[in-house]
Amino acid sequence: MAFKHNKLGKTKLAISNVGIGGAAFMLHENSKNAKEVIHAAIKEGVNYIDTSPWYKNSERLLGDVLHGISRNKYVISSKCGRKYSDDILEWFDFSYDSITTSIDNSIKTLGCKYLDICFCHDIEFAPTIDVLLSEALPAMQDAKKAGKIKYIGISGYPLDKLKQLIELSDTKIDVVLSYCHYTLNDTTLLDALDFFVEHDVAVINASPFAMGLLTNNGPPSWHSAKPETKEAASKAAEYCKDQGTSIERLALYFSTNEPRIQTTLVGCQTTAELKKNIDVLRNGISQDEKLILATIREKYFNENHTWEGIGEDKYWTKVKKKKVPTATLR
């Protein structure tokens with residue numbers, strides 16, 4: 001049974017209720033695994049793929065994979081405003097020219113003629129909201145008029161900043177990508193859904209595993225979650241193992257079973273991961289697992305665990321240190 005395709009908000013896009021998050025391919029050196037995952041996913045009826053210049057090798061690998069696949073077989077989104085670099089001062093550029101160049105480069109690298117959706121990436125890291133309103137979004141609007149992108153999106157972690165930009169923008173924002181806000185540890189996205197509906201903005205959910213927090217391996221070292229959140233997640237994962245299941249299964253089931261959320265992006269590095277995820281998405285979880293899920297929600301995540309502002313503070317601290325000569329800091 002192929003995955004259900006949902007109409008994405010007020011757009012004309014019909015996308016699968018689960019999509020492939022291209023960040024999973026960022027460290028891969030060749031397209032072998034990406035090709036296997038994408039071909040297997042499309043065969044199962046998954047037609048939505050997301051990527052970004054920030055995801056290092058992801059766009060290049062996906063370009064290799066998508067070559068030869070009919071353009072009507074997939075919906076592709078990428079992002080602008082953020083790119084991969086060893087120099088932190090080059091991570092973000094929301095100027096008109098940079099946004100335009102980024103969109104052109106993504107289309108060329110992916111070999112896809114146009115992007116179905118382009119997201120202004122991680123808007124909370126813009127130096128001011130004005131640069132988003134006066135440069136980034138107008139550049140995206142011009143790209144849309146030129147047929148380079150079908151729909152304009154914005155992404156970011158703080159929901160209030162996404163809502164603020166939508167309210168202030170003269171450019172119509174079609175889609176919002178929210179990550180880590182409808183997970184076992186945090187359901188604050190639900191509080192924002194009515195706002196997005198009222199403003200005719202479609203919602204894409206991402207990162208059901210909360211960027212590795214809700215996994216047996218635990219989060220990466222750079223993760224911005226508070227120590228108490230990491231501890232709660234670790235205890236929840238151990239409890240799941242003790243009960244004969246995995247926190248990954250429960251996290252994926254939870255994040256993909258809210259009827260008002262039309263699609264959720266999930267990272268899959270290998271076909272083995274894809275098969276495990278498809279099993280949960282297609283067959284659900286057992287009644288015993290549902291009881292375990294309810295228990296960990298009540299015992300470990302009975303209130304929302306977020307990390308809004310922490311990642312931003314870390315970034316601006318590093319930027320200031322980079323800009324200020326070492327001698328000045330002493």
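Residues numbered from 1 in each chain as written. Predicted model: local features only at pLDDT ≥ 70, side-chain atom pairs only at ≥ 80, totals over all residues. Heavy atoms only, no water.

Draft legend 1. Summary view of the pattern of salt bridges. Following the criterion strictly, the structure yields 14 salt bridges and no others. Between Glu289 and Arg249 there is a salt bridge whose closest N-O contact spans 2.9 Å. Within this pair, whereas Glu289 is found in helix α10 (residues 287-299), its partner Arg249 is found in helix α8 (residues 247-255), the two being separated by 40 residues in sequence. Salt-bridge contacts for Glu258 lead to Arg260; the nearest nitrogen and oxygen are separated by 3.1 Å. With relative accessibility at 13%, the residue Glu258 sits in the buried group. A single salt-bridge network, built from bridges that share partners, covers Arg249, Asp279 and Glu289. (Salt bridge = Lys/Arg side-chain N within 4 Å of Asp/Glu carboxyl O. Helix = DSSP H or I, 4+ residues; strand = E, 2+ residues; numbered from the N terminus. Buried < 20%, exposed > 50% of the residue type's maximum accessible area, 1.4 Å probe, protein only.)

Draft legend 2. Layout of the sheet that holds strand β4 (residues 48-50). In space, the eight strands of this closed barrel follow the order β3-β4-β5-β6-β7-β8-β9-β10, with parallel pairing throughout. Put simply, the sheet's adjacent strands are angled 30° from each other on average, direction ignored. Contacts from helix α5 (residues 159-168) reach β7 (149-156) and β8 (175-179), with the element oriented near 140° to β7. (Pairing = 2+ DSSP bridges. Axes fitted to C-alpha atoms, helices over the stretch in contact; angles between N-to-C directions. Contact = heavy atoms within 4.5 Å.)

Draft legend 3. Examining the nonpolar core more closely. The biggest cluster of nonpolar side chains holds 108 residues, and the ones touching the most others in it are Met140, Ile154 and Phe196. Among the elements that take part in this core, helix α4 (residues 129-145) stands out by supplying seven residues, more than any other. (Core = buried A, V, L, I, M, F, W, Y, C linked by side-chain atoms within 4.5 Å.)

Draft legend 4. Broad picture of the packing of α4 against α5. Packing of α4 against α5 leaves a shortest axis separation of 11 Å and a crossing angle of 55°. When the interaxial angle is binned, α4 and α5 end up oblique. Handedness of the α4/α5 crossing: right-handed. Residue-level inspection shows Ile129, Leu132, Leu133 and Leu137 of α4 in contact with α5, the latter providing Gln164, Leu165 and Leu168. Here the residues of the contact of α4 with α5 sort into six nonpolar, one polar and no charged. (Parallel < 35°, antiparallel > 145°, perpendicular 65-115°, else oblique. Left-handed = near helix turned anticlockwise from the far one by under 90°. Nonpolar A, V, L, I, M, F, W, Y, C, P; charged D, E, K, R; others polar.)

Draft legend 5. The arrangement of the packing of helix α3 (residues 96-110) against α4 in detail. As a packed pair, α3 and α4 sit with axes 8 Å apart at the nearest point and diverge in direction by 40°. As far as their axial angle goes, α4 and α3 are oblique. Here the hand of the crossing between α3 and α4 comes out right-handed. Facing Tyr96, Ile99, Thr100 and Ile103 of α3, the residues of α4 in contact are Glu135, Ala136, Pro138, Ala139, Met140, Asp142 and Ala143. When the residues that make up the contact of α3 with α4 are grouped by side-chain class, the tally is eight nonpolar, one polar and two charged.

Draft legend 6. Inspection of the environment of Leu177 at higher detail. The topology assignment puts Leu177 in strand β8. The class for Leu177 is buried, based on a relative accessible area of 5%. Between the C-alpha atoms of Leu177 and Ile204, which are 27 residues apart in sequence, the distance is 4.8 Å. Not counting chain neighbours up to four residues away, the residues in contact with Leu177 comprise Asp50, Lys79, Phe119, Ile154, Ser155, Gly156, Leu162, Ile204, Ala206 and Leu265.

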